[in-house]
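The lines below spell out each chain.
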Amino acid sequence: MVKDIYNAVNRYKNRLEDFRKDNKINSVNRSLFISWLESKEDELKRRKGADEGSQIRYCKTLYKYITLLKGTDKLFNHKNLKNITESDIKQLYLDMEEGRIKLAKSTRKDYYNKVFKSDFFEFIGKRELARKIITLESSEDEDVKFFEKEDLDSMIKFTSSTRNKLFLYLLFDTGMRIGTLLNLKIKDCELRHNIETKRDYYMIHIKKEYTKSKRNRDLPLLLNETNDLLSVYLKNQEQDNILFDFGYTNARVLIKRVTDKAKVKTKPDRKKVSIHDFRKSCATYFLSKGYSIDFVKGRLGHKPSSTVIDRYVSYLGLNDEKAVIQAQSMEYNDLKRSEEH
């Protein structure tokens, strides 16, 4: 992971240095951006921690913020952001919504949620104005995007090593974020025995410093394939070793290679599979198997109040013919029993 850290940190530092020297940005805005970025960097370091995975994550976050802040200056025609009015924000919002300013849907959402309604606009004293005006977009509006267990099995056919197969199954089974998974050590995997099923399984102990939520969590592995692969993989491994001896870049290359070879696309819109789609697919899989919403939230590390997975619940409910079959079968059986009586 050393190379990944070096790339992420230096990429951000170089971009920040260029940003400081960019004379196309309004000078007042540039000073505001720099002050806010410095405070944001300190906050992310405190909140996310200083481990390798956290450094990669917060440097990537800050790198993206630079792009968004630079774009914000341009969107407001280089006007001093401290002086923008409700009318300025409203006009920009209409221009973006009605297509006069052409942006990808995901980019538009980033501006709404990560800039205009975020702590940067609070920093310049404009967040309440933005929240009053920008009402159409929120994080809950994200599109449904996942793949199925059968797609994972197709990927595995094009994966040669036990290590890589285990990596893919762990992502799908646990829904862990990539930074969390890449920080796991062998000793975080505890073998247990279920008395009722008379089968062994593994409990994964996730330390808070590995997580975004900063909470210790224990996750049992629920898929037989994951447990079997981990059992094989752990033979002759040292307890203090990192579970996977590669970084984010290698993981992304692996997923691109196997999904391309297996011709796997996400549902329902047939897009390329990203690392984060394994997390969404984990949620979709366990919801479709009848596990409760609270169970899935807990598995993904979401707060009980989170509504992120509601769109998947709605999607599965609206598109699941099993519910129709079950209802019609129940109706048929009820009719049959009434006839018998």
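Here the structure is shown first, and the text comes after it.
Residues numbered from 1 in each chain as written. Predicted model: local features only at pLDDT ≥ 70, side-chain atom pairs only at ≥ 80, totals over all residues. Heavy atoms only, no water.

Two numbers describe how helix H9 (residues 162-174) lies on helix H13 (residues 275-288): the axes approach to 6 Å, and their chain directions differ by 55 degrees. With respect to their mutual orientation, H9 and H13 come out oblique. Here H9 contributes Leu 168, Leu 171, Phe 172, Asp 173 and Thr 174 to the contact with H13, which in turn contributes Phe 278, Ser 281, Cys 282, Tyr 285 and Phe 286. (Axes fitted to C-alpha atoms, helices over the stretch in contact; angles between N-to-C directions. Helix = DSSP H or I, 4+ residues; strand = E, 2+ residues; numbered from the N terminus. Parallel < 35°, antiparallel > 145°, perpendicular 65-115°, else oblique. Contact = heavy atoms within 4.5 Å.)

For the rest of this paragraph, the subject is helix H8 (residues 149-156). Because the α-helix completes a turn every 3.6 residues, residues three or four places apart line up on one side. Taken together, the buried positions of H8 are Lys 149, Asp 151, Leu 152, Met 155 and Ile 156. All buried residues of H8 project into a common sector of 155 degrees when viewed along the axis, lining one side. Residues of H8 that are buried make contact with H9, helix H11 (224-233), helix H12 (248-262) and H13. (Buried < 20%, exposed > 50% of the residue type's maximum accessible area, 1.4 Å probe, protein only. Arc of directions from axis to C-beta.)

As a further point, take unusual backbone geometry. Working note: non-glycine residues mostly have negative phi, and peptide bonds are mostly trans. Residue Pro 268 is reached from Lys 267 by a cis peptide bond, and omega for that bond is 0 degrees. For Asn 77, which is not a glycine, the phi torsion comes out positive at approximately 55 degrees. When you line up the elements, Asn 77 lands in the loop between helix H3 (52-75) and helix H4 (86-97). Using a relative accessible area of 65% as the deciding quantity, one classes Asn 77 as exposed.

Right, let's get into helix H5 (residues 105-116). Under the 1.5 Å per step criterion, the end-to-end length of H5 is 15 Å for 12 residues, consistent within 8% with the ideal 16 Å. Considered for burial, the residues of H5 that qualify are Arg 108, Lys 109, Asp 110, Tyr 111, Tyr 112, Val 115 and Phe 116. (Expected span 1.5 Å × (residues − 1).)

Quick look at the packing of aromatic side chains now. All told, the structure shown has 23 aromatic pairs when counted by the stated rule. Between the aromatic rings of Tyr 112 and Phe 116, the centroid separation amounts to 6.4 Å while the plane-to-plane angle is 50 degrees, which identifies the pairing as tilted. One end of the pair is Tyr 112 and the other is Phe 116, both in helix H5 and 4 residues apart, which spans about a single turn. Each member of the pair, Tyr 112 together with Phe 116, is buried. Seen in terms of ring centroids, Phe 286 and Phe 295 are 6.0 Å apart; in terms of plane orientation they differ by 70 degrees. Their pairing is edge-to-face. Here the aromatic cluster, defined as three or more aromatic residues joined through ring pairs, consists of Phe 19, Phe 33, Trp 36, Tyr 65, Phe 76, Tyr 93, Tyr 111, Tyr 112, Phe 116, Phe 120 and Phe 121. The ring of Tyr 63 is capped by Arg 11, whose NZ or CZ atom sits 3.9 Å from the centre of that ring. For the cation-ring pair, Arg 15 lies above Tyr 63, with the distance from its terminal atom to the ring centre recorded as 5.0 Å. (Phe/Tyr/Trp six-rings, centres within 6.5 Å; stacked < 30°, edge-to-face > 60°. Lys NZ or Arg CZ within 6 Å of the ring centre and 35° of its normal.)

What is shown is where atoms sit, not what they do.
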